Amino acid sequence: MKNIAVKQKVLKQASLPDQLNAQLNELYDVYEYHDMAAEEFDRLAAEFRVVLTNGEAVVSREFMARLPNLELISDFGVGYDGIDVAAAKEREIAVTHTPGVLTDDVADLAMGLMLATSRQIPGAQRFIEQGAWLKGSYPWTRKVSGARLGIIGMGRIGRTIAKRAAAFDMSIAYTDRAALADMDYTFHATLLSLAEASDFLVVCTNGGAETRSLVNREVLNALGAEGILINISRGSVVDERALIEAIEEGTLGGAGLDVFTDEPQVPQALLHRENVVITPHMASATWATRKEMSRLVLENVNAYFAGEPLVTPIPQ
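Residues numbered from 1 in each chain as written. Predicted model: local features only at pLDDT ≥ 70, side-chain atom pairs only at ≥ 80, totals over all residues. Heavy atoms only, no water.

**Details of helix α7 (residues 156–166)**
Operational definition: A simple rule labels every residue: compare its accessible area, found with a 1.4 Å probe on the protein chains alone, to the largest value its type can have, and call it buried under 20%, exposed over 50%, or partly exposed in between. A run of DSSP states H or I qualifies as a helix once it reaches four residues; a run of E qualifies as a strand once it reaches two. Both are numbered from the N-terminal end. Contacts between residues were defined by any pair of non-hydrogen atoms, one from each residue, lying within 4.5 Å.
For α7, the full list of buried residues reads Ile157, Gly158, Thr160, Ile161, Ala162 and Ala165. Where α7 is buried, its residues meet α5 (103–118), β6 (148–152), β7 (171–175) and β9 (200–203).

Right, dumping it as structure tokens:
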């Protein structure tokens, strides 16, 4: 009689792409956390050494405590602010993510939002669809080329946005924990100073408690009535209430937003505005990039079970 290999059990705690699900199911015995009854979960909890999640999900200390033998959390996403990394570190639970492969897509969407918001492209389309062009011209909009761009966080994505913005002859400045030796762009020690010196302010920093509401009303006021905010980072980095107030009062010129505080809920106050362009957290959502992200998740899980070094552990 042939020996039949028993598949390792893994716990899927959040949604993943169909292609990745199919690959995982072929190699592993995958359990859907949200489909499991409490009794079944408790019975099997000690058998799960790997948890699969995504960049928008929350993996709390309490959740980890229910999995006594957990050793790896594999995150489908570059951001891992939803994972209690401190709790994982205490338990020596490894955490992996999918950096690098989504940088170009996120930078592309940042530029797209910049153009769409400043030139009011969605509003101009609605203008035609509503028959308004037959009665007159669309109002003038703001120029992008040659404008002043401020970048919050000069990591992989911030640098890639800067590279694209340079082709638009934009004047580029940034703020980060400290000035970067390999950067020729203007450094601002404070976010407030950067906002005052910017026509467009792009949020590229990580989410989490450290950056919560970093872009507050004071920063938005400094950006000003002609300024435009672009956020392709995390909704938590921007004080959404302050943003809405600034938009409603006209003290901010506009906003291009791919992320929100309480996704998938988007405040009604941000809808149906010519100077606000919104997308459903889709910056990395291209076929090519999601395929590469799936590859990294699978390679990390395979490496763990093979006893090999993890491919893309989060920075320590």
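**Details of empty space enclosed by the protein**
Note the cut-off: In this analysis the probe radius is 1.4 Å and the grid spacing 1 Å, with only protein atoms considered; a cavity is a set of points the probe fits into but cannot get out of, a pocket is an open set with protein on both sides within 12 Å along at least five of seven lines, and lining residues have an atom within 4 Å of a point. Grid points are joined across faces, edges and corners, and a volume is the space filled by probe spheres set on the points. Each residue gets one of three labels, nonpolar for Ala, Val, Leu, Ile, Met, Phe, Trp, Tyr, Cys and Pro, charged for Asp, Glu, Lys and Arg, and polar for the others, Gly among them.
Across all of its chains, the model carries one cavity of 30 Å³ or more by this definition. Taken as a whole, the largest cavity spans an internal volume of roughly 50 Å³. What lines the largest cavity is Asn231, Gly235, Val238, Glu240, Leu243, Leu257, Val259, Phe260 and Thr261. Classifying every residue of the lining of the largest cavity gives five nonpolar, three polar and one charged.

**Points about the layout of surface pockets**
Basically, it comes down to this: Domain boundaries shown here were taken from an automatic or database domain assignment.
Taken as a whole, the second largest pocket holds about 400 Å³ of empty space. If you go around the second largest pocket, you meet 17 residues; those closest to its centre are Glu56, Asp81, Arg234, Phe260 and Thr261. Taken together, domain 1 (9–97 + 287–306) and domain 2 (102–278) each give at least three residues to the lining of the second largest pocket, which thus spans both.

**Some points on the pairing of β6**
Using the following cut-off: Note on pairing: two strands pair once DSSP finds at least 2 bridges between them. By convention a crossover is right-handed if, when the strands point away from the viewer, the path from the first strand over the helix to the second runs clockwise.
Within β6, four of the five residues are buried, leaving the element largely enclosed by the surrounding structure. Here five bridges tie β6 to β7, and the two strands are oriented parallel to one another. Note on β7: the bridge partner recorded for Arg148 is Ser171. Tracing the backbone out of β6, into α7 and back to the parallel element β7 gives a crossover that is right-handed. Note that β6 and β9 share four bridges and pair parallel. Bridge assignment links Gly150 to a residue of β9, and that residue is Leu201.

**Considerations on the pairing of strand β11 (residues 254–257)**
Side chains Gly254 and Gly256 of β11 all project onto a buried face; the interleaved residues Ala255 and Leu257 project onto the opposite face, where all are buried too. Note: strand β10 (residues 228–231) against β11, four bridges, orientation parallel. Within the sheet, the bridge partner assigned to Ile230 lies in β11 and is Gly256. What joins β10 to β11 is helix α10 (residues 240–249), and the crossover it makes is right-handed. Summarising the sheet, β11 and strand β12 (residues 276–278) pair through three bridges and their orientation is parallel. Bridging from a neighbouring strand, Leu257 pairs with Ile278 of β12.

**Here we look at the nonpolar core**
The test is simple: To define a nonpolar core, start from buried Ala, Val, Leu, Ile, Met, Phe, Trp, Tyr and Cys residues and group those joined through side-chain atoms within 4.5 Å.
Core analysis: the largest hydrophobic core is formed by 45 residues, its most contacted members being Met114, Leu149, Ile151, Ile161, Val202 and Ile232. The element that contributes the greatest number of residues to this core is α5, accounting for eight residues. Two domains share this core, each providing at least three of its residues, namely domain 1 (9–97 + 287–306) and domain 2 (102–278). Ignoring anything within four residues of it in the chain, the contact list for Met114 reads Val144, Leu149, Met170, Phe200, Val202 and Ile230.

**Section: the domain arrangement of the chain**
Going by this rule: Note on definitions: buried area is the accessible-area loss of two parts on being combined, 1.4 Å probe, summed for both. Salt bridge, as used here, is a side-chain nitrogen of Lys or Arg placed within 4 Å of a carboxyl oxygen of Asp or Glu.
When cut into domains, the chain gives domain 1 (9–97 + 287–306) and domain 2 (102–278). Each of domain 1 and domain 2 has a C-alpha centre, and the two are 32 Å apart. In this assembly, seven residues from domain 1 lie in contact with six residues from domain 2. When domain 1 packs against domain 2, close to 580 Å² is buried across both sides, 53% of that on carbon and sulfur atoms. It is Val78, Asp81 and Thr289 in domain 1 that bury the most area against domain 2; as a group they hold 68% of the surface buried on that side. Along the contact surface separating domain 1 from domain 2 lie one salt bridge.

**Quick look at the side chain of His188**
The condition is simple: We call two N or O atoms a polar contact when they sit within 3.5 Å, provided that within protein one can donate a hydrogen and the other can accept it, with sequence-adjacent residues counted only if both atoms are side-chain atoms.
Mapping His188 onto the fold places it in the loop between β8 (186–187) and α8 (191–196). Among the polar contacts listed, one links the side chain of His188 to the side chain of Ser193, at a separation of 2.6 Å. Residues in contact with His188, not counting those within four places in the same chain, are Ala173, Tyr174, Thr175, Ser193, Leu194 and Ala197.

**Concerning the UniProt feature "domain: D-isomer specific 2-hydroxyacid dehydrogenase catalytic" (unreviewed entry) in the chain**
Note the threshold: UniProt positions are given in the numbering used here, feature names are shortened, and annotations may be inferred rather than shown by experiment.
Under the UniProt annotation, "domain: D-isomer specific 2-hydroxyacid dehydrogenase catalytic" (unreviewed entry) lies at residues 27–312. Note that residues 27–312 is 34% helix and 15% strand, and that its end C-alpha atoms are spaced 20 Å apart.

**A few points about the UniProt feature "domain: D-isomer specific 2-hydroxyacid dehydrogenase NAD-binding" (unreviewed entry) in the chain**
In this structure's numbering, the residues bearing the UniProt feature "domain: D-isomer specific 2-hydroxyacid dehydrogenase NAD-binding" (unreviewed entry) are residues 111–283. As annotated, residues 111–283 comprises 29% helix and 16% strand, and the C-alpha atoms at either end are separated by 11 Å.

**A few points about the packing of aromatic side chains**
Note the threshold: Any Phe, Tyr or Trp ring, taking Trp's six-membered ring, that has another such ring centre within 6.5 Å forms a pair; planes under 30 degrees apart are called stacked, those over 60 apart edge-to-face, and the others tilted.
Summed over the entire model, instances satisfying the criterion amount to eight aromatic pairs. Their ring planes at 70 degrees and their centres at 5.4 Å tell us that Tyr31 and Phe48 sit as a pair that is edge-to-face. Residue Tyr31 is located in strand β2 (residues 29–32), and its partner Phe48 is located in the loop between α2 (38–44) and β3 (50–54); the two are separated by 17 residues in the primary sequence. Since its relative accessible area comes to 18%, Tyr31 is described here as buried. Given a relative accessible area of 0%, Phe48 falls into the buried group. Seen from their ring centres, Tyr174 and Phe187 are 5.4 Å apart, and the 55 degrees between their planes marks the pair as tilted. Highlighted residues: Tyr174 in strand β7 and Phe187 in strand β8, separated in sequence by 13 residues. Of the residues examined, Tyr174 reaches a relative accessible area of 1% and is grouped as buried. Feature note: the residues Tyr28, Tyr304 and Phe305 constitute an aromatic cluster, connected by ring pairs.

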